[in-house]
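# Structural characterization, general
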Amino acid sequence: MKIVAFILIVLFSMAHADEPLEAPKSYRTCDAHINFCAYSELGKNTTVYAIKDKFTLTELYQIPGWHRSILISPTGTYVAIGYSGLNLVSKDVTSEEVMLTIYKSGSRIKEYKLGQLLHSMDSLEPTVSHYHWGSITRIDEYGVELETVEGSVGIVHSTGKIYLPNES
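Here goes a summary of the coordinates provided. (Residues numbered from 1 in each chain as written. Predicted model: local features only at pLDDT ≥ 70, side-chain atom pairs only at ≥ 80, totals over all residues. Heavy atoms only, no water.)

This part takes up the overall build of the chain. Scanning the chain from terminus to terminus reveals 2 helices and 15 strands. Considering only contacts within the chain whose residues lie at least 6 apart along the sequence, 42% involve residues at least 24 apart. Summed over all atoms, the accessible surface of the chain reaches about 9900 Å², with 55% contributed by carbon and sulfur. (Helix = DSSP H or I, 4+ residues; strand = E, 2+ residues; numbered from the N terminus. Contact = heavy atoms within 4.5 Å. Areas by Shrake-Rupley, 256 points an atom, 1.4 Å probe, with all protein chains shown as cover.)

With respect to the helices and strands, the residue N45 is situated in the loop between strand 2 (36–40) and strand 3 (46–52). Contacts of N45, omitting those with residues within four sequence positions, involve Y39, S40, Q62, I63, P64 and G65. A distance of 3.1 Å separates a polar atom in the side chain of N45 from a polar atom in the side chain of Q62. Engagement of the side chain of N45 in a polar contact is seen with the backbone nitrogen of G65, the distance being 2.9 Å. (Polar contact = N/O pair within 3.5 Å; in protein donor to acceptor, adjacent residues only side chain to side chain.)

What follows covers the state of the cysteines. Scanning the entire structure with this criterion turns up 1 disulfide. The disulfide partner of C30 is C37, and the S-S distance across this bridge is 1.9 Å. Every disulfide takes its handedness from the sign of the S-S torsion; for C30 and C37 that torsion is 100 degrees, giving right-handed. With a relative accessible area of 26%, C30 lands in the partly exposed category. Overall, C37 belongs to the buried group, its relative accessible area being 3%. (Disulfide = S-S within 2.5 Å. Buried < 20%, exposed > 50% of the residue type's maximum accessible area, 1.4 Å probe, protein only.)

Counted under the stated rule, the structure contains 5 salt bridges. The residue D140 makes a salt bridge to R138 at a minimum N-O spacing of 2.8 Å. Two residues, E145 and R138, come together in a salt bridge whose shortest N-O distance is 3.2 Å. What makes E145 partly exposed here is its relative accessible area of 36%. Overlapping salt bridges, with partners in common, bring together R138, D140 and E145 in one network. (Salt bridge = Lys/Arg side-chain N within 4 Å of Asp/Glu carboxyl O.)

Here we have 4 strands laid out as an open sheet, ordered 12-13-14-15, and antiparallel in their pairing. One side of each edge strand has no neighbouring strand; the edge strands of this open sheet are strand 12 (134–139) and strand 15 (162–163). (Pairing = 2+ DSSP bridges.)

Our next topic: the pairing of strand 6 (residues 78–82). Burial runs high along strand 6: 5 of the 5 residues are buried. Alternating positions in strand 6 separate into two faces, Y78, A80 and G82 on one and V79 and I81 on the other, with burial throughout. Alignment of strand 5 (residues 70–72) against strand 6, held across 3 bridges, turns out to be antiparallel. Each residue of the ladder has a partner; that of I70, found in strand 6, is I81. The hairpin turn running from strand 5 into strand 6, its antiparallel successor, is 5 residues long, and G76 in that turn takes a positive phi close to 80 degrees. Bridge analysis of strand 6 against strand 8 (residues 98–104) gives 5 bridges, and the strand direction is antiparallel. Within strand 8, the position partnered with V79 by the bridge is Y103.

Set out below in structure tokens:
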């Protein structure tokens, strides 16, 4: 029994350990079907492309700046840009920290702050040197889904409505 408890403690510690983020670099990310990809070039803008036969690229639009966290909707229309610290925020984070920015066809339509995505800032889970807040899990033509420390959060693009856990 003691060995099981020890293993669980080690696994829990690893799950909440802080690791330095990889150094910024240019990279490409695509939607699940590889019909649309974004190339985020360090020191430049992020370009969204449509991918056609034999991987022919057609530039659709650009989003200002380089971004560490990018999700693209299945039609390429919507892009979710996540917080640059990914799932961890600093110990001095405020409810005003922008965690998610939504773009439609290259135009910013809405930003969402940490305080809008949680019922309480006290829900943040401490790690070694940061707080764990959650992550963006998917985007489609209807909205964005996030998994926060409080549970699943949904955001509807057309209205900007945020559905926090235990709300309908």
